[in-house]
Amino acid sequence: SELASKVEAGELDAAFVVESNRKVASLHWTPLYEEPLVIVAPASVQEQTAHAVLAANPFLRFDRTQRTGRQIDRLLRRLGVASDEFLELNAIETLVELVRQEVGVTLLPLLNGSNWQNSPDLRIVALPDELGHPTRSIGMVERRDHVRQHITHEICTQSLEIFQMKAHAQAS
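As the structure is a prediction and not an experimental result, all values here were calculated from the model. (Residues numbered from 1 in each chain as written. Predicted model: local features only at pLDDT ≥ 70, side-chain atom pairs only at ≥ 80, totals over all residues. Heavy atoms only, no water.)

Asker: Give me a nonpolar patch on the surface: which residues, what numbers.
Answerer: Taken together, the side chains of Phe 16, Ile 151 and Ile 155 define a hydrophobic patch exposed on the protein surface, amounting to about 240 Å² of accessible area. Looking at Ile 151, the relative accessible area reads 38%, which means it is partly exposed. (Patch = residues over 30% accessible without salt bridge, like charges linked within 9 Å, V, L, I, M, F, W, Y side chains within 5 Å. Areas by Shrake-Rupley, 256 points an atom, 1.4 Å probe, with all protein chains shown as cover. Salt bridge = Lys/Arg side-chain N within 4 Å of Asp/Glu carboxyl O. Buried < 20%, exposed > 50% of the residue type's maximum accessible area, 1.4 Å probe, protein only.)

Have a look at this one:
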């Protein structure tokens, strides 16, 4: 949200950010890819359902002051899980490393290119279907009136091509 605020204030022409629900007339949003929200648990966790995994293990929370953290907080409320909150951090990779060390479990976006689902130390647990397969959208926010639109347009075009190639390679 800090980067988006700098774009809105004119300090930056554009930034890659997590999509906000807040729409600003002076800004243009270009979505680039989506990341599904999943539970990340140590491979040793025995519980099978998302609800059971969250209820039975210490919970490592992503920072509630961030857009993604607020989205995760809403999902936890919808799940109705009384989680045993152990720690709150604003670094996704650090949370995953703590999960690898069996400190607890977490609910995070499955980062593009992370390959966590193939890690022998981790178990990825999907959220229940009734939550509607929540994702977070990553894209570029830019001021509508900046003079380098041709540059940001090319960055978006090239980024979309890269992300689509990665998605196709992962699906194969």
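Resuming the write-up.
Asker: Hey, could you go over the packing of aromatic side chains for me, with residue numbers and the actual values?
Answerer: One pass over the full model with this rule turns up one aromatic pair. Here Tyr 33 and Phe 163 contribute two aromatic rings whose centre-to-centre distance is 4.4 Å and whose plane-to-plane angle is 55°, an arrangement assigned as tilted. Of this pair, Tyr 33 sits in strand E2 (residues 27-42) while Phe 163 sits in helix H5 (residues 149-171), and the two are 130 residues apart along the sequence. The exposure classification of Tyr 33 matches that of Phe 163, with both residues buried. (Phe/Tyr/Trp six-rings, centres within 6.5 Å; stacked < 30°, edge-to-face > 60°. Helix = DSSP H or I, 4+ residues; strand = E, 2+ residues; numbered from the N terminus.)

Asker: Lay out the environment of Ser 119 in plain terms, naming residues and giving numbers.
Answerer: With respect to the element layout, Ser 119 can be found in the loop between strand E5 (105-109) and strand E6 (122-126). It is 8.7 Å that separates the C-alpha atoms of Ser 119 and Ala 43, two residues lying 76 residues apart in sequence. Within the structure, Ser 119 has its side chain in polar contact with the side chain of Arg 100 (distance 2.7 Å). (Polar contact = N/O pair within 3.5 Å; in protein donor to acceptor, adjacent residues only side chain to side chain.)

Asker: Break down the pattern of salt bridges for me, citing the residues and quoting the values.
Answerer: The final tally for this structure, using the stated rule, is 13 salt bridges. Glu 85 is paired through a salt bridge with Arg 61; the nearest N and O atoms lie 2.5 Å apart. Remark: Arg 61 occurs in strand E3 (residues 58-62) and Glu 85 occurs in strand E4 (residues 84-89); sequence separation between them is 24 residues. Its relative accessible area of 3% is what places Arg 61 among the buried residues.

Asker: Which residues make up the nonpolar core, and what values go with them?
Answerer: Ranked by size, the top nonpolar core spans 32 residues in total, and within it Ile 39, Leu 54, Leu 107, Leu 108, Trp 116 and Leu 127 carry the most contacts. Grouped together as the second largest cluster of nonpolar side chains are seven residues, Ala 4, Ala 15, Val 17 and Val 24 included. (Core = buried A, V, L, I, M, F, W, Y, C linked by side-chain atoms within 4.5 Å.)

Asker: For helix H4 (residues 92-100), give the residues involved together with the corresponding values.
Answerer: Among the residues of H4, Ile 92, Leu 95, Val 96, Leu 98 and Val 99 are the ones counted as buried. What you see down the axis of H4 is that its buried residues fit within an arc of 155°, all on one side. Its buried side turned inward, H4 meets E2, E3, E4, E5, E6 and strand E7 (135-143). Directly after H4, the chain includes Glu 102, whose backbone phi takes a positive value near 65°. (Arc of directions from axis to C-beta. Contact = heavy atoms within 4.5 Å.)

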